[in-house]
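Remarks on the overall topology
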Amino acid sequence: MFHAAAPLAMRAPSSDLAILLDQVAQASSRPRYAFMVLSLIAEIARTDGSAGPFVGRAEQRRLLRDWLCEALTPVAAKDPRRALLAEKVRGELAARDDWPLDPKQAEFRIEQEVRERALSSGKTNLSRAVSELVKAGLLRRHYQGFRVDHANRGGQRHAVYTLTGRARCLISSRHPTGRSEPRQGELALH
């Protein structure tokens, strides 16, 4: 009675984006999250498709991985696990007798601890998604640092992600031909 839809690869895809979505769905255990990561990278990428190691200008410069994790945190704000984590933190602070007397300070402290733990967990999720995208040929990862670029992190080297393959369609729609975007950290002259 009901038939499963044929995979997109068997149908005539209507656009590069549709093919990209199918490729992400095939490669990732969390395709929606992986596509959000790709979209955020495309949003800040230079014309060559690379983003990082820093995002922003002057005092607001952040490491790419930190910026991505913070940008993705609102997605988990309504997650029931976040409320459970807040209760766990509350219990840990009470058990250590490390509880501020002012209720506003206590809530602020709990929220800060929950935020730090969520960002730590977010970095793990981000690394997993990026690894899946690298294996799928949609992203290239290398580490840029103090002395030399390298395939491995450490030694004051930080992640740089470059959109490759079909993922470049996310950036091509943002950068019309002939238009040059400023590099990260540079000011646009209009």
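Preceding block: the structure.
Let us look at the structure shown here. (Residues numbered from 1 in each chain as written. Predicted model: local features only at pLDDT ≥ 70, side-chain atom pairs only at ≥ 80, totals over all residues. Heavy atoms only, no water.)

1. Overview of the nonpolar core
The biggest cluster of nonpolar side chains holds 34 residues, and the ones touching the most others in it are Leu20, Val37, Leu38 and Leu163. When contributions to this core are tallied by element, the ones reaching two or more residues are helix H1 (16-27), helix H2 (31-44), helix H3 (64-72), helix H5 (103-135), strand S4 (139-145), strand S5 (157-163) and helix H6 (169-172). Looking at this core, the element that brings in the most residues is H2, giving nine residues. The residues touching Leu20, leaving out its near neighbours within four places in the chain, are Phe35, Leu38, Leu138, Arg166, Ala167, Cys169 and Leu170. Formed by five residues, the second largest nonpolar core is a distinct cluster that contains Ala86, Val89, Ile110 and Val114. (Core = buried A, V, L, I, M, F, W, Y, C linked by side-chain atoms within 4.5 Å. Buried < 20%, exposed > 50% of the residue type's maximum accessible area, 1.4 Å probe, protein only. Helix = DSSP H or I, 4+ residues; strand = E, 2+ residues; numbered from the N terminus. Contact = heavy atoms within 4.5 Å.)

2. Notes on empty space enclosed by the protein
For the structure shown, the criterion picks out one cavity of 30 Å³ or more. One number sums up the size of the largest cavity: a volume of about 30 Å³. Forming the walls of the largest cavity are Ser29, Arg30, Tyr33, Asn125, Arg128, Ala129 and Glu132. Per-element tally for the lining of the largest cavity: the top contributor is H5, with four residues. Here the residues of the lining of the largest cavity sort into two nonpolar, two polar and three charged. (1 Å grid on protein atoms, 1.4 Å probe; cavity = no way out; pocket = protein on both sides within 12 Å on 5 of 7 lines; lining within 4 Å. Points joined across faces, edges and corners; volume = space filled by probe spheres on them. Nonpolar A, V, L, I, M, F, W, Y, C, P; charged D, E, K, R; others polar.)

3. What about the layout of surface pockets?
Estimated volume of the largest pocket: approximately 510 Å³. Around the largest pocket, the lining comprises 19 residues; the ones closest to its centre are Ala76, Asp79, Ala118, Ser121 and Asn125. Secondary-structure elements contributing two or more residues to the lining of the largest pocket are H2, H3, helix H4 (80-95) and H5. At seven residues, the largest contribution of residues to the lining of the largest pocket is made by H5.

4. Topic: the side chain of Ser50
Along the chain, the position of Ser50 falls in strand S1 (residues 50-51). The buried category is assigned to Ser50, whose relative accessible area is 7%. At a separation of 2.7 Å, a polar atom in the side chain of Ser50 contacts the side chain of Asp48. (Polar contact = N/O pair within 3.5 Å; in protein donor to acceptor, adjacent residues only side chain to side chain.)

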